[in-house]
Amino acid sequence: DVKVTQSSRYLVKRTGEKVFLECVQDMDHENMFWYRQDPGLGLRLIYFSYDVKMKEKGDIPEGYSVSREKKERFSLILESASTNQTSMYLCASSWGRWDSETQYFGPGTRLLVL
Amino acid sequence: KQEVTQIPAALSVPEGENLVLNCSFTDSAIYNLQWFRQDPGKGLTSLLLIQSSQREQTSGRLNASLDKSSGRSTLYIAASQPGDSATYLCAVSASGTYKYIFGTGTRLKVLA
């Protein structure tokens with residue numbers, strides 16, 4: 001079974017803090033994704049990576065950056081957390097055919113920024 | 001710009017009923033469509049993926065159909081059970097893009 005894990009289920013941070021969210025997948029997937037999920041807005045793509053050290057912006061990249069130094073690990077970084085970044089963050093991964101393959105999701109990290 | 005709509009937003013049914021969840025999308029030039037299940041406070045689990053050349057996919061009590069020309073997909077759940085209670089999301093992707101566009105989901109409650 002594909003397993004996607006996220007470093008924390010719940011996080012509470014202060015405004016202005018730098019926040020790291022980690023995602024690890026164990027199936028040698030090429031592609032990894034970070035989404036945020038908000039009530040009434042659904043899932044929105046923040047960043048995407050199709051290979052080590054490669055990344056592309058999604059629909060809402062502002063205020064975020066990412067890092068992929070190893071194939072199995074994709075990190076989302078909030079450079080200076082703000083209250084409007086309070087959300088559920090979901091990581092996903094998929095095989096190399098990025099536009100046709102099933103995406104496998106982690107359990108999510110619920111982030112509260114005070 | 002692709003938009004995905006799921007109606008109704010919430011649905012309650014008695015156990016044992018067959019039910020249909022709807023998904024519509026505005027741009028018919030999709031490459032594939034996925035249905036996901038999400039339990040409260042958890043991540044998404046892929047249920048079915050339909051590629052644009054396919055009309056339907058089946059897995060157990062679930063059947064998903066796709067009508068690209070009309071911009072619609074349905075997820076049929078047979079003989080519903082309380083364990084089917086969850087939010088169901090559909091998502092579409094277009095050829096040439098890695099993006100999945102998600103609907104906001106239908107929250108299903110199956111009453112025992």
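Now for a quick tour of the structure. (Residues numbered from 1 in each chain as written. Chains lettered and ligands numbered in written order. Predicted model: local features only at pLDDT ≥ 70, side-chain atom pairs only at ≥ 80, totals over all residues. Heavy atoms only, no water.)

### Brief notes about the pattern of salt bridges
All names here are of chain A. As enumerated under the stated definition, the model contains nine salt bridges over all chains in all. Arginine 73 is the salt-bridge partner of glutamate 22, the closest N and O atoms lying 3.6 Å from each other. With glutamate 22 in strand E3 (residues 19–25) and arginine 73 in strand E8 (residues 73–78), this residue pair connects regions lying 51 residues apart in the sequence. Of the charged contacts in the structure, one is a salt bridge between glutamate 69 and lysine 53, with a shortest N-O distance of 2.4 Å. Within this pair, whereas glutamate 69 is found in strand E7 (residues 64–70), its partner lysine 53 is found in the loop between strand E5 (42–51) and strand E6 (54–57), the two being separated by 16 residues in sequence. In terms of burial, glutamate 69 and lysine 53 fall into one category: exposed. (Salt bridge = Lys/Arg side-chain N within 4 Å of Asp/Glu carboxyl O. Helix = DSSP H or I, 4+ residues; strand = E, 2+ residues; numbered from the N terminus. Buried < 20%, exposed > 50% of the residue type's maximum accessible area, 1.4 Å probe, protein only.)

### Some thoughts on the interface of chain B and chain A
Each partner contributes residues to the interface: chain B has 24 residues there, and chain A has 27 residues. Summed over both partners, the interface of chain B with chain A comes to about 1800 Å²; 55% of that surface belongs to carbon and sulfur atoms. Looking only at chain B, the three residues that lose the most surface to chain A are Leu44, Tyr98 and Phe102 of chain B, adding up to 34% of its buried area. Along the contact surface separating chain B from chain A lie zero salt bridges. Counting across the chain B and chain A interface gives three residue pairs in polar contact (both at pLDDT 80 or more). Broken down by secondary-structure element, the contributors of at least two residues to the side of chain B that touches chain A are strand E4 (32–38), strand E5 (44–51), strand E9 (86–93) and strand E10 (100–102) of chain B. In the side of chain B that touches chain A, the residues fall into nine nonpolar, 13 polar and two charged. (Contact = heavy atoms within 4.5 Å. Buried area = accessible area lost by both parts, 1.4 Å probe. Polar contact = N/O pair within 3.5 Å; in protein donor to acceptor, adjacent residues only side chain to side chain. Nonpolar A, V, L, I, M, F, W, Y, C, P; charged D, E, K, R; others polar.)

### Here we look at the sheet that holds strand E1 (residues 4–7) of chain B
Residues and elements named next belong to chain B. The strand order across the open sheet formed by five strands is E1-E3-E8-E7-E6, and the pairing between neighbours is antiparallel. Edge positions in the open sheet fall to E1 and strand E6 (56–59), since each of these has one partner strand only. Along the sheet, successive strands turn relative to each other by an average axial angle of 15°, direction set aside. Inspection of the sheet shows E6 paired to strand E7 (residues 62–67) by four bridges, in the antiparallel sense. Its bridge partner being in E7, serine 59 is matched across the sheet by leucine 62. (Pairing = 2+ DSSP bridges. Axes fitted to C-alpha atoms, helices over the stretch in contact; angles between N-to-C directions.)

### A short note on the state of the cysteines
In this structure the tally under the stated criterion is two disulfides over all chains. The partner cysteine of cysteine 23 of chain A in its disulfide is cysteine 91 of chain A, sulfur to sulfur 1.9 Å. For the disulfide bridge between cysteine 23 of chain A and cysteine 91 of chain A, the dihedral angle about the S-S bond is near -75°, and by the sign convention the bridge is left-handed. On the criterion of sequence distance, the pair formed by cysteine 23 of chain A in strand E3 and cysteine 91 of chain A in strand E9 (residues 87–94) is long-range, its members being 68 residues apart. You can call cysteine 91 of chain A buried: its relative accessible area is 0%. In this model cysteine 23 of chain B forms its disulfide with cysteine 90 of chain B; the gap between the sulfur atoms is 1.9 Å. Its torsion about the S-S bond being 70°, the disulfide of cysteine 23 of chain B and cysteine 90 of chain B is classed as right-handed. Placement of the pair is cysteine 23 of chain B in strand E3 (residues 19–25) and cysteine 90 of chain B in strand E9, with a sequence separation of 67 residues. Taken as a pair, cysteine 23 of chain B and cysteine 90 of chain B share a single burial class, namely buried. (Disulfide = S-S within 2.5 Å.)

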